[in-house]
Amino acid sequence: QVQLEESGGGLVQAGGSLRLSCVASGRILSSNAMAWFRQAPGKEREFVAGISWSGGITHYADSVKGRFTISRDNAKNTVYLQMNTLKPEDTAVYYCAAGWSVRVQPVMYDYWGHGTQVTVSS
């Protein structure tokens, strides 16, 4: 049974920072890439950042480039999302996902966490 568990969300003022963590447990078959998505009320789930197994390839949504950093520690089965200079429009439920390779489409990922709420106040 594969499980992805996000943590680190919370309430923060605009301009602040948060670090999200995603710990993978169980057996994930051929899920070499990890990604973060987010979904705000009334909006579609959108790609935020992705990272390859080695960490050598990363991809970010234009809206978070220069502010967010994705990284992974394979020895700990953990993926991180460091979020700096947070804006109110970053408010959403953030989800961790695992798949074959880095893609921006949610359907391309096989495993998902339950999400962690990030709320940025103005």
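Whatever comes next refers back to the structure up there.
Heads up: these notes are all about the structure in this document. These figures come from a predicted structure and were not determined experimentally.

## Overview of the pattern of salt bridges
- The final tally for this structure, using the stated rule, is four salt bridges.
- When the shortest N-O distance is used, the salt bridge between R38 and E46 registers 2.7 Å.
- Residue R38 is classed as buried on the basis of its relative accessible area, which comes to 5%.
- By relative accessible area, which is 36% here, E46 ends up partly exposed.
- Here D90 ties to R38 by a salt bridge, and the two come within 2.9 Å at their closest N and O atoms. You can see D90 sitting in the loop between β8 (78-83) and β9 (92-99) and its partner R38 sitting in strand β4 (residues 33-39), a full 52 residues away along the chain. Accessibility assignment for this pair places D90 and R38 in one class, buried.

## Observations regarding unusual backbone geometry
- At N77, a position not held by glycine, the phi torsion is positive, near 55°.
- Mapping N77 onto the fold places it in the loop between β7 (68-73) and β8.
- Unlike most non-glycine residues, T85 shows phi in positive territory, near 50°.
- Within the secondary structure, T85 is located in the loop between β8 and β9.

## Let's talk about the nonpolar core
- In this structure, W36, L81, M83 and Y94 are the most contacted members of the largest nonpolar core, which totals 27 residues.
- Secondary-structure elements contributing two or more residues to this core are β3 (18-25), β4, β5 (46-51), β7, β8, β9 and β11 (116-121).
- By size, the runner-up hydrophobic cluster in this structure holds seven residues, among which are F37, F47, V102 and Y109.

## Some points on the state of the cysteines
- For the structure on display, the rule yields one disulfide.
- Disulfide pairing is shown between C22 and C96; the S-S distance is 2.1 Å. Since a negative S-S torsion denotes a left-handed disulfide, the C22-C96 link at about -80° is left-handed. Of this pair, C22 sits in strand β3 while C96 sits in strand β9, placing them 74 residues apart in sequence. We note that C22, like C96, is buried.

## A few points about the sheet that holds β8
- Here four strands make up an open sheet; going across it, the order is β1-β3-β8-β7 and the pairing antiparallel. On the outer flanks of this sheet lie β1 (3-7) and β7, each paired with one strand and no other. Along the sheet, successive strands turn relative to each other by an average axial angle of 15°, direction set aside.
- Judged from the six bridges that link them, β3 and β8 form a sheet pairing that is antiparallel. Of the residues in β8, the one forming a bridge with V23 is T78.

How each quantity is defined
Residues numbered from 1 in each chain as written. Predicted model: local features only at pLDDT ≥ 70, side-chain atom pairs only at ≥ 80, totals over all residues. Heavy atoms only, no water. Salt bridge = Lys/Arg side-chain N within 4 Å of Asp/Glu carboxyl O. Buried < 20%, exposed > 50% of the residue type's maximum accessible area, 1.4 Å probe, protein only. Helix = DSSP H or I, 4+ residues; strand = E, 2+ residues; numbered from the N terminus. Core = buried A, V, L, I, M, F, W, Y, C linked by side-chain atoms within 4.5 Å. Disulfide = S-S within 2.5 Å. Pairing = 2+ DSSP bridges. Axes fitted to C-alpha atoms, helices over the stretch in contact; angles between N-to-C directions.

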